[in-house]
Structure formats: C-alpha cells, structure tokens
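Residue-level structure breakdown
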Amino acid sequence: MKKFFTAFAILGILLTGCGNSAQNKTAAISQTDAEQPYSEDIFAMDTFMTITAYGDGNEAAVKESVSEIERLDALLSISSETGDIKALNQSKGASVEISEETANLIKRAIDIGEKTDGNFNCTVLPLMELWGFTTQVYQVPTENEISEVLAKINPDNIKMEENKAVLADGVSLDLGGIAKGYASSRIMEVFQENGVVSGMVSLGGNVHTIGTKPDGKPWRIAIQDPFNLEEVTAVVEVDDKAVITSGGYQRFFEQDGKTYHHIIDPATGYPAQSGLASCTIIAKDGTLADGLSTALFVMGVEKASEFWKTHTYDFDAVFITENNEVYITEGIADDFAMQDDTADYTIIFN
Ligand code: AMP
Ligand code: MG
C-alpha cells in the first residue's frame, strides 16, 4: 500500500501537501506565476465553499464561478423567493413555468431515483420539514405524522412538460441531495470556458477537481473521520473528478439520547439506519456523485456494493460503517490509502 504524508488544513478537505516535504519546497520555489493559485471563499447553499484555480485566466474563472454558484443557489434553493423550486413548491398542483436548466436537473434527480430503487428521492421535503431540518426547530414526529406525509414522497407525483412542471398538491421538491454536485460540475465548465486546466472547488463535504495539481500530480482529497471531525480517515488521489461525501454527522440533532440525522430513508420516513456513518462517491460527474452519495448512504454497504457491481453508472466509493470499518470499491484501490497505514480496510471486488 502506498503511504501518504498528510499535512492538511482541516477546513479544506483538500490536502495540499504532497509527498516528501523537501520535494515540496523545491516544487514551491520553482513555481512560476502562472502556477500561483487564485482563490475565493463564499458562503452559499448553506455551506462554506472555496474555489481555487491556477494558471492563466484563474482570477476571472474564480470570479465567474462565484457568480455562478450564487445564481444556482437563487435558482434551486427551497427558500429562494425568486427560484424555480420555491415557485413549484408553492404551486398547489398548478402548472409552473421553469427554466430548462431546472427541468433538466429535476429529470436527472428523477432518473437517479429510479436507478437507485427509490433510495434517492427528490420529493423528500415534507419529511425534512416534519423532522425540523428546514427550520432547525427539531422534533421526532409521531408514526402517524410520518405515514401521512409518506404518501406524498414519490417522484411519480411530478409531471414534466416541455418548459413546465406540475407537482401534485402537497408534493414538494428538495434538490439538496444533488444541487451541490451540480454546482461543482458547472464550475468545472466555467473553468474550462476560461481556459483553466488546474483547479478545484470545495463545497462543504464535496470536492471537485479539474485536471491535476499544477505540478502534474494528482489532487489528494481527505475523507473526514465521521467519528472525529478534526481527523482524517483516508486519502484518495484523483484528477478531473468529484469526491462527494454524505454523512449523518453533517447535520443532526439529539433527543432523549438518540441521534437523528438529515438523510432520510424514503421507504420509512426516518433517518436512514443503514449501518453507514459516511459514504463517499468518486466520479467524473458531480451531479451523479452527489445523488449517489445520498442514495448509497441510505442503501448501506451491502446493497450499495451490489449496486456498484451492476455498472449502472461509472463511479467508485468509500464506505465507513458505524463500526468504523472501511470498505472501498476496486476501482479506487490503487489511489487510496488509510491515514493510519496500519489500519485495515476491505476492497469490494467486482
Ligand atoms: P447529501 O448531503 O448530498 O447527502 O444531501 C442531503 C440532503 O438531501 C438533505 O439535507 C435533504 O435536503 C436531501 N435528502 C435527504 N434524504 C434524501 C433522500 N433519501 N434522497 C434525496 N434527497 C434527500
Ligand atoms: Mg448527495
């Protein structure tokens, strides 16, 4: 197994240190101006984000990316007064004109839901509201409250027309499970349009990279320890890929000694109890990686492994269970290392 030396800044899940520190210094000194990063931090989509690009056009690319994220937040957030999602959620069964972009993303969400056997469900919002995740006034609902709402949690209740959508009365949309991944994919497009060939965006637990680091080496992305957020469990090396994590630790509340997190099993209406503490997806397509991170977290490691083996989509995954066991899919094995290189992990083979 390869050993990685990890000098990491805890906010950035991205590890900027690479290999032996003496080599690092040499690389830093020989960097040209063109390899200097330009970076901006913003708070959008309920999360802190850092956008970094290297080389010619980097500043323009990052600035345009910031505007793009703000635009997408306004378009897709459940609380944005001017956005398509809010308009749909207030429509009470009426037909609503939406942008082609929103329509495409809803179609994508429906499709990922179908392919993942309903474990990804973009109509989960009434449950998020019931549990208090939208207002932060948390509560454990009664069985009755859950079963009443469950009837509305079904993407079949969405009808897509050419530039319009209709939600059955009482049904509401929540693209929170894929919006960040979509945004990160859009930023990679903005980078490309600006001629940037090396850069990355970090949005909460999600990282998306274009190309390699300026020195030609892969990006090293840390996977957070779900049981100790100051620590790192493992590192994956990637280029041109998104690395997106869903974890119960990212948003939760406690009541009567029990913990309730924000990833809901659409089959039960309760926070998913699949035995997973986190699920990280590595894929080229950020939207897909984000959708799958949520869906496979709900599935748990056994079902998720079977799903990976079907080759429905091209992706790899790292699963950390509630018992702190680590499972990885075969495709990432050469580019994966545990932070503690004496710690065990299991490779899932095809
Ligand atoms: P993520 O961090 O990508 O796993 O997304 C979690 C967010 O997706 C939650 O805060 C909800 O807004 C939404 N969500 C929760 N459960 C599901 C689910 N089963 N399918 C789709 N979206 C969900
Ligand atoms: Mg997701």
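What you see is a predicted model, and the numbers here were worked out from it, not measured in a lab.

Rules behind the numbers
Residues numbered from 1 in each chain as written. Chains lettered and ligands numbered in written order. Predicted model: local features only at pLDDT ≥ 70, side-chain atom pairs only at ≥ 80, totals over all residues. Heavy atoms only, no water. Helix = DSSP H or I, 4+ residues; strand = E, 2+ residues; numbered from the N terminus. Rg over C-alpha atoms; globule rule 2.2 N^0.38 Å. Buried < 20%, exposed > 50% of the residue type's maximum accessible area, 1.4 Å probe, protein only. Contact = heavy atoms within 4.5 Å. Areas by Shrake-Rupley, 256 points an atom, 1.4 Å probe, with all protein chains shown as cover. Lys, Arg positive; Asp, Glu negative; His and termini not counted. Charge placed at Lys NZ, Arg CZ, Asp CG, Glu CD. Polar contact = N/O pair within 3.5 Å; in protein donor to acceptor, adjacent residues only side chain to side chain. Near = heavy atom within 4 Å. Nonpolar A, V, L, I, M, F, W, Y, C, P; charged D, E, K, R; others polar. Pairing = 2+ DSSP bridges.

It is worth spelling out the overall build of the protein chain at this point. In terms of helices and strands, the protein chain carries nine helices and 18 strands. In terms of overall dimensions, the protein chain is globule-like: its C-alpha atoms have a radius of gyration of 20 Å, near the 20 Å expected for 350 residues. Projecting the C-alpha coordinates of the protein chain onto the three principal axes gives extents of approximately 60 × 45 × 40 Å. Expressed as a percentage of the 350 residues in the protein chain, the buried residues total 51%. Across the protein chain, the fraction of contacts at a sequence separation of at least 24, relative to all contacts at a separation of at least 6, is 61%. When the accessible area of the protein chain is evaluated, it comes to approximately 16,100 Å², of which 47% is carbon and sulfur surface. Counting 24 positive and 54 negative side-chain charges, the protein chain places the centres of these two groups 1 Å from one another.

Inspection of the secondary structure puts Ser80 in the loop between α2 (58–76) and α3 (84–89). We classify Ser80 as buried; its relative accessible area is 12%. A polar side-chain atom of Ser80 sits 2.5 Å from the main-chain carbonyl oxygen of Ala74.

Here we come to the site of ligand 1. Lining the immediate surroundings of ligand 1 are 17 residues, of which Asp174, Ser246, Ile264, Asp290 and Thr294 lie closest. The contact in question runs from an oxygen atom of ligand 1 to an N or O atom on the backbone of Gly177, over 3.2 Å. Backbone polar atom of Ile264 to a nitrogen atom of ligand 1: 2.8 Å apart, as the coordinates give it. In isolation ligand 1 offers 500 Å² of accessible surface; the protein chains occlude 95% of this area. Counted by class, the shell around ligand 1 contains six nonpolar, eight polar and three charged residues.

A word on the pairing of strand β3 (residues 47–54). Burial runs high along β3: six of the eight residues are buried. Examined bridge by bridge, strand β2 (residues 37–44) and β3 share eight bridges and lie antiparallel to one another. Among the inter-strand pairings, Phe43 is bridged to a residue of β3, identified as Phe48. Where β2 hands over to β3, the hairpin turn is made up of two residues, of which Met45 adopts a positive phi near 50°. In this structure, β3 lies alongside strand β7 (residues 199–203), joined through five bridges in antiparallel fashion. Each residue of the ladder has a partner; that of Met49, found in β7, is Leu203.

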